[in-house]
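One-letter residues, chain by chain:
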Amino acid sequence: MAGAIRYDDKPNLRELEVGAVILATGNEVFDPSSQPQYGYTQSPNVVTSIEFERILSASGPYMGHLMRPYDLEEPRRIAWIQCVGSRSSHDGGHPYCSAVCCMYAIKEAVIAKEHATDDLDATIFYMDMRTCGKEFETYRERAEKEHGVSFIRSRIHTVEPLGNGDLKIVYADESGALKSEIFDLVVLSVGFQVAEETIALARRLNVPLNHNRFAQTDDFVPVMTDRPGVYVCGALQGPKDIPQSVVEASAAAAVSEDLLHTARWSMTRDIEIPEERNVVGERPRIGVFVCQCGINIGGVVDIPSVREYARGLPYVTYVEDNLYTCSQDTQVKMAEVIREKGINRVVVASCTPKTHEGLFQETLQNAGLNKYLFEMANIRNQDSWVHSKDPVKATEKAKDLVRMAVAKVGLLEPLQETELHMDPAGLVIGGGMAGITAAKNLAAQGYEVHLVERSDTLGGQARSLHQTWRGKPIGEHLKRMIADVEDNPRIHVHLSSDIAHVDGFVGNFSSVVRQKTGEEITIAHGIAVVATGAKEFQTDEYLHGKDPRVMTHQALDGLLRSEGPGLKKLRSAAFIQCVGSREPGRPYCSRVCCTHTLRSALQLKAQQPDMAVYVLYRDLRTYGEREDLYHEARKKGVVFIRYDLAHKPKIEAQEEALEIEAWDPILQNSILIRADLLALATAIVPEDNHALAQFFKLPVGEDGFFVEAHAKLRPVDFSTDGVFLCGMAHYPKSVDESIAQALAASARAATFLASDSVHVGGTVAEVRGHLCSRCGVCIDICSFKAPFFTEEGPAAVNAALCKGCGLCVSSCRSGALHLKGFDDDQMLAMIQEC
């Protein structure tokens, strides 16, 4: 209907001269048609997870209403079946884990329950629940306890379509008992696979693929293919979620910058932004754009009613509603309308400014308006989502929010951003694998780097590790990395040192580095990369610290690395997973432990093939291609026994061996294991980051790890401009993931360092000097140290440090402070319209 398709279009061959190629072709999802046991081709009520996403989507076939295809009725019971096409080689399936399916199934179940008009029974059938990303385990717990999602551990063999569109699932629970349930809709959680077109592309580019047909990469440069100058990121490198894909995209950019930095700016074209129109003194001419957002807003709020209401508000000269105001075509139209109608203030009534304000501000700039002459009314998060059961009141609230936004925007004035000089040097805090990687990449791009490490040696936790998950020796590579850093004239290494103080802001930081000797040096730098790492939790459970036969992973790695003769005398070994993880007080999954255990178990088996090896686990989380280790371990005879928190293993030390009593949920009985060695997969815990967090004003989560600006959109950024995050300071991760994130942090930092200057926001506090009483409250209360006393007397605010939080403004006793864009008259105008 839009006429967007060009039926007469023909192939167009172009030749480009480039210095690097990044493959980001992604994956396709598995087609379950080859597995008829799930009834996908037999019943319209068996859908894939992607199809169910479309059912839930506001732009989908049912406009976001929860319906089943058979009769368009709302389902009362929905089942999700995990690992369809993954973790199995039967009927065209793949042996690897697709990494994302557990989380998207939980997300779909939660959203489906929110969309349902009545109570929805949502059940997820799974083998292992692999919620091993940051805050994933907490999300899973919340889905079960707060939203009522049911989790049943069982591999489903068959889905039987019934005559009325219902579906019958017969399954065996952990005790082996057969059970049968009827569902209205079944969602198949399909996995990833590399598309045939991508395989053909890889062959044309001479890029090797591995046995799973993913791009073959280096463990220590996980975005580098075997062909120089050709890099890879995202799901083509292996199954992964959005945050890791975004990280790898920046990592691929980083290694490309390393290769091409000498050509930087040589082919750059400046964006042409129209000259800003001076609207000071003009009568407000307000344009209001109301977004339907499919049914996200339009399914609850009466959008035409809100639109017509807005027409009658003071100074409003133009109103329209759009299906998706944030879409590209609507943005172009908005800019045209602003120019044609002479609009000088804009209100968008849609979703959250947290994700979309920048987009709309850019549209204002393209139309020749100051970007701060803009206000958003959040009629989604603050209205339609929270009042979905009461459309009438939600519509009235939407009108209130629009009226308040119009009242404020009419009083807004153009604001100017501050331009700051960029000091082209970087500070990397932490000399582990991530910190070294970031420092090396920044130096390779031509920047001076100061690398600060608390201990007297570089290497961090990697010094205690034996191999990567693919079996590559870590120690040899780490030695080469350290030598490269120490020999690089652009990298200045500060060992046995801590950050003692930090002043300044993006582009103009000044940090005091204090050595253990007490000597202090001051470093000027434009950006900072935080790579302070984490450490192995030292538990007192399971006789650890009391019996030398009980050790942690790192201690076992030391034995394996030194090839201790005692290992060959072992007759049996056992591993216990989740020691100190996924428990009250430390509820997160430490991500790497299952993989580490299987790598160690296989090494023990390689030395002693007849050795009895047992793994006691809660959920086996060999995500992605790490599933290969699980298959290999089972083939080599490693025995896996599941336990839960109610039946934790019990250990007794006997002279001849350790006796481990465990409850086998399949046998429904206790079993006794005799082991000569017990390895504990203990939690990974963060370093004490609170001092550093105070210096740079960085958020720290409940678990003690740093919190990124946005989990998906900005996974290596902090909300503090110019400060970036990588490695295990962010969350537990493997060596290759830490390296990828370090490269990503380097790439993001380089976007600042490559510029001579940087602009900081116009929404900052300002002092009316004649009203200032010099009480000092603003200076005491500001976490960012933005206010200061001038030599002339009154206080002032450093615009580069100010984050626009308004705390100083609300605390000023004399009324000297005001916040640009949130002045008293603007806020009072909104309040009066409530």
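Computed from a predicted structure; not experimentally measured.

With that settled, the discussion passes to the overall build of the protein. Broken down by element type, the protein carries 20 helices and 42 strands. Relative to the 2.2 N^0.38 estimate, which gives 28 Å for 834 residues, the radius of gyration of the protein is 29 Å and therefore close to what a compact globule would have. Dimensions of the protein, computed from C-alpha atoms along their principal axes, come out at roughly 90 × 80 × 60 Å. Taking all 834 residues of the protein together, the buried fraction comes to 53%. Here the contacts in the protein between residues at least 6 apart in sequence split such that 71% fall between residues at least 24 apart. By element, 51% of the accessible surface of the protein is carried by carbon and sulfur atoms, the whole surface being about 37800 Å².

Okay, a nonpolar patch on the surface next. Residues Leu16, Val18 and Val21 make up a contiguous nonpolar surface patch of roughly 270 Å² in combined accessible area. Relative to the elements of secondary structure, Val18 occurs in the segment before β1 (21–23). Judged by relative accessible area, which is 55%, Val18 ranks as exposed.

Here the focus is the state of the cysteines. The tally for this structure, following the rule as stated, stands at zero disulfides. Distance from the sulfur of Cys778, which forms no disulfide, to the nearest cysteine sulfur (Cys775) is 6.3 Å. Judged by relative accessible area, Cys778 falls into the buried class, the value being 11%.

What follows concerns the sheet that holds strand β33 (residues 658–664). By definition, the strands of a sheet pair up through backbone hydrogen bonds, in either a parallel or an antiparallel sense. Reading across the sheet, the three strands line up as β32-β33-β34 and stay open at both edges, with antiparallel pairing between neighbours. If you trace the sheet from one side to the other, it starts and ends with β32 (650–653) and β34 (669–675), each paired once. Averaged over all neighbouring strand pairs, the angle between strand axes comes to 25°, with direction disregarded. Relative to β34, β33 runs antiparallel, the two sharing seven bridges. Within β34, the position partnered with Glu659 by the bridge is Arg674.

Another aspect to go through is the packing of aromatic side chains. Taken as a whole, this structure holds 15 aromatic pairs when the rule is applied. Between Phe360 and Phe374 the ring centres are 5.9 Å apart and the planes differ by 35°, which places this aromatic pair in the tilted class. Placement of the pair is Phe360 in helix α8 (residues 353–366) and Phe374 in strand β18 (residues 374–378), with a sequence separation of 14 residues. Every member of this aromatic cluster is reached through a ring pair, and the members are Phe125, Tyr171 and Phe183. Over the face of the ring belonging to Phe537 we find Arg586, whose NZ or CZ atom lies 4.1 Å from the ring centre. The ring of Tyr623 is capped by Arg591, whose NZ or CZ atom sits 4.3 Å from the centre of that ring.

Right, let's get into the sheet that holds strand β3 (residues 46–48). As summarised here, the arrangement of the five strands in space is β3-β10-β4-β5-β6, forming an open sheet in which the pairing is parallel. The sheet is open, and its two edges are formed by β3 and β6 (150–153), each paired on a single side. Taking each pair of neighbouring strands and ignoring which way they run, the sheet shows an average axis angle of 25°. In the sheet, β3 pairs with strand β10 (residues 185–190) via three bridges, with the strands oriented parallel. Across the sheet, Thr48 pairs through a bridge with Leu188, a residue of β10. Along the sheet face, helix α2 (residues 101–115) touches β4 (77–84), β5 (121–126), β6 and β10 and points at about 170° away from the line of β4.

Bringing the side chain of Arg599 into the picture now. Tracing the backbone through its elements, the reader meets Arg599 in helix α14 (residues 593–607). Although Arg599 is buried, it forms no salt bridge, and the closest oppositely charged side chain is Glu632 at an N-O distance of 5.5 Å. Excluding residues that lie within four positions of it along the chain, Arg599 makes contacts with Gln467, Thr468, Trp469, Arg470, Gly471 and Leu629.

Moving on, we come to unusual backbone geometry. Backbone geometry places Ser496, a non-glycine residue, at a positive phi of 50°. Inspection of the secondary structure puts Ser496 in the loop between β22 (491–494) and β23 (497–503). The class of Ser496 is buried, set by a relative accessible area of 18%.

The geometry of helix α13 (residues 553–562) relative to α14 is characterised by a closest axis approach of 11 Å and an angle of 30° between their N-to-C directions. By the angle class used here, α13 and α14 are roughly parallel. Here α13 runs over α14; the crossing is left-handed. Every residue of α14 that contacts α13 at His553, Leu556, Asp557 and Leu560 is listed here: Cys593, His596, Thr597, Ser600, Gln603, Leu604 and Gln607. Each residue belonging to the contact of α13 with α14 can be placed in one class, and the counts come to four nonpolar, six polar and one charged.

As defined by bridge partners, β32 adjoins β33 across four bridges and the pair is classed as antiparallel. Residue pairing for β33: Ala653 is matched across the bridge by Leu658. Between the end of β32 and the start of β33, which pair antiparallel, lie four residues.

Okay, the pattern of salt bridges next. Summed over all chains, the structure comprises 52 salt bridges. We note a salt bridge from Arg277 to Glu282, for which the minimum N-O separation is 3.6 Å. According to the relative accessible area criterion, Glu282 is partly exposed, its value standing at 32%. Here the salt bridges do not stand alone but share partners, grouping Arg87, Asp128, Arg130, Glu137, Arg153, Glu174, Arg582, Asp619, Arg621, Glu627 and Arg642 into one network.

Definitions and cut-offs
Per chain, residue numbering runs from 1 following the sequence as it is written. Owing to the predicted nature of the model, reporting of local features is limited to residues with pLDDT of at least 70; listing and counting of side-chain atom pairs is limited to 80 or more, with chain, interface and lining totals taken over all residues. To obtain the side-chain values, all non-hydrogen atoms of the structure were included, while hydrogens and water were left out. Per the convention used, a helix needs a DSSP run of H or I reaching at least four residues, while a strand needs a run of E reaching at least two, with both numbered from the N terminus. In this setup the radius of gyration rests on C-alpha atoms only. A globule is expected at 2.2 Å times the number of residues raised to 0.38. Exposure is judged per residue with a 1.4 Å probe applied to protein chains only, and the accessible area is read against the type maximum: over 50% gives exposed, under 20% gives buried, and values in between give partly exposed. Residue contacts are defined here by distance: any two heavy atoms, one from each residue, within 4.5 Å place the two residues in contact. Here the accessible surface of atoms and residues is derived via Shrake-Rupley with a 1.4 Å probe, and residues count as covered only by protein chains that are part of the display. What goes into a patch is any residue over 30% in relative accessible area without a salt bridge, connected to like charges within 9 Å or, for nonpolar side chains (Val, Leu, Ile, Met, Phe, Trp, Tyr), within 5 Å. For this document, the term salt bridge refers to a Lys or Arg side-chain nitrogen within 4 Å of an Asp or Glu carboxyl oxygen. Note that a disulfide, as used here, is simply two cysteine sulfur atoms within 2.5 Å. One bridge is not enough; two strands pair if DSSP finds at least two bridges between them. Note on geometry: axes are lines fitted to C-alpha atoms, helical ones only across the stretch in contact, with angles between N-to-C directions running from 0 to 180 degrees. Each Phe, Tyr or Trp ring (for Trp, its six-membered ring) is paired with any other whose centre lies within 6.5 Å, and the angle between the two planes then decides the class: stacked below 30 degrees, edge-to-face above 60, tilted in between. For a Lys NZ or an Arg CZ to count as sitting over a ring, it must be within 6 Å of the ring centre and within 35 degrees of the ring normal. Charge assignment: positive for Lys and Arg, negative for Asp and Glu; neither His nor the chain ends contribute. Here is the rule for angles: anything less than 35 degrees is roughly parallel, anything more than 145 is roughly antiparallel, 65 through 115 is roughly perpendicular, and the remaining ranges are oblique. Helix crossings fall into two classes, left-handed where the near helix is turned counterclockwise from the far one by less than a right angle and right-handed where it is turned clockwise. Charged residues are taken to be Asp, Glu, Lys and Arg, nonpolar residues to be Ala, Val, Leu, Ile, Met, Phe, Trp, Tyr, Cys and Pro, and polar residues to be all remaining types, Gly included.

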